[in-house]
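Per-entry structural report
Listed below, chain by chain, are the residues.
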Amino acid sequence: TASADDVFRLIRYLNDHQSFILNITKTPEKRVSTEDGRAYSFTNFNHFASDSAFLGGKTGFTNAAGETMVSLFAVPVADATTTVAIVVLDSTDRAGDTETLRRWFVEHARVDAAAISAPFPAALQSASAIAAFMDSAGEHRVIRSSRAF
């Protein structure tokens with residue numbers, strides 16, 4: 001069993017040390033050909049794959065965790081862009097919950113992400129979620145974490 005914090009640590013590691021994996025996850029479509037000439041098309045079904053602010057992520061589903069999603073976004077804060085990680089577990093609408101958290105972050109982090117004191121959106125009460133960002137010094141800070149999964 002993994003918590004939202006565990007998934008956050010994994011996506012942080014991938015971002016910091018194995019970012020090529022995240023680059024694969026944000027490719028909307030890929031066409032490949034075999035040596036014998038057969039062609040195959042693969043379409044990314046991640047809701048955010050075609051979003052220019054999406055840096056990568058993973059969707060999933062298990063009976064234990066329900067709908068899950070971990071996403072990294074480039075989000076403007078003041079005069080800079082920061083990397084925001086959003087993890088949603090035990091959701092009934094992972095894309096909607098992720099978008100709600102992204103809008104929440106953008107709305108409350110206009111000047112200083114570290115100063116966010118707003119409560120998590122009420123719509124996320126049924127999901128386990130985390131929002132975190134990388135500050136200008138490269139440190140990762142968890143803003144808010146809802147109930148444990």
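Since this is a predicted model, take the numbers as computed values, not measurements. (Residues numbered from 1 in each chain as written. Predicted model: local features only at pLDDT ≥ 70, side-chain atom pairs only at ≥ 80, totals over all residues. Heavy atoms only, no water.)

**Quick notes on the overall build of the protein**
- Check the secondary structure of the protein and you find three helices and seven strands.
- Here the protein, with 149 residues, has 40% of them falling under the buried criterion.
- Considering only contacts in the protein between residues 6 or more positions apart, those separated by 24 or more positions represent 47%.
- Of the roughly 8500 Å² that the protein leaves accessible, carbon and sulfur atoms contribute 52%. (Helix = DSSP H or I, 4+ residues; strand = E, 2+ residues; numbered from the N terminus. Buried < 20%, exposed > 50% of the residue type's maximum accessible area, 1.4 Å probe, protein only. Contact = heavy atoms within 4.5 Å. Areas by Shrake-Rupley, 256 points an atom, 1.4 Å probe, with all protein chains shown as cover.)

**Notes on the pairing of strand β3 (residues 54-62)**
- With eight bridges connecting them, β3 and strand β4 (residues 66-77) associate as antiparallel partners. Note on β4: the bridge partner recorded for Lys58 is Val70.
- Hairpin connection of β3 to β4: three residues between the antiparallel strands. (Pairing = 2+ DSSP bridges.)

**Focus: a nonpolar patch on the surface**
- A contiguous nonpolar surface patch, about 300 Å² in accessible area, is contributed by Phe20, Ile21 and Ile24.
- Mapped onto the elements, Phe20 comes out in helix α2 (residues 19-25). (Patch = residues over 30% accessible without salt bridge, like charges linked within 9 Å, V, L, I, M, F, W, Y side chains within 5 Å. Salt bridge = Lys/Arg side-chain N within 4 Å of Asp/Glu carboxyl O.)

**Regarding unusual backbone geometry**
- Phi angles above zero are rare outside glycine, and Asp90 is one such case at about 55 degrees.
- Position of Asp90 among the secondary structure elements: in strand β5 (residues 80-91).

**A closer look at the environment of Ile86**
- Mapped onto the elements of the fold, Ile86 is located in strand β5.
- You can call Ile86 buried: its relative accessible area is 1%.
- With 15 residues separating them along the chain, Ile86 and Ser71 place their C-alpha atoms 5.3 Å apart.

**Considering the confidence of the model for the protein**
- Confidence in the prediction for the protein averages 79 pLDDT; 73% of positions are at 70 or higher.
- Mean pLDDT per element in the protein: strand β7 (residues 140-145) is the minimum at 56, and strand β2 (residues 39-43) is the maximum at 94. (pLDDT = per-residue confidence, 0-100.)

**Structural notes on the pairing of strand β1 (residues 29-33)**
- In terms of residue burial, β1 counts as a barely covered element, since only zero of its five residues are buried.
- Examined bridge by bridge, β1 and β2 share five bridges and lie antiparallel to one another. Among the inter-strand pairings, Glu29 is bridged to a residue of β2, identified as Thr43.
- If you look at the hairpin formed by β1 and β2, you'll find five residues sitting between the two strands, and Gly37 has a positive phi there, around 95 degrees.

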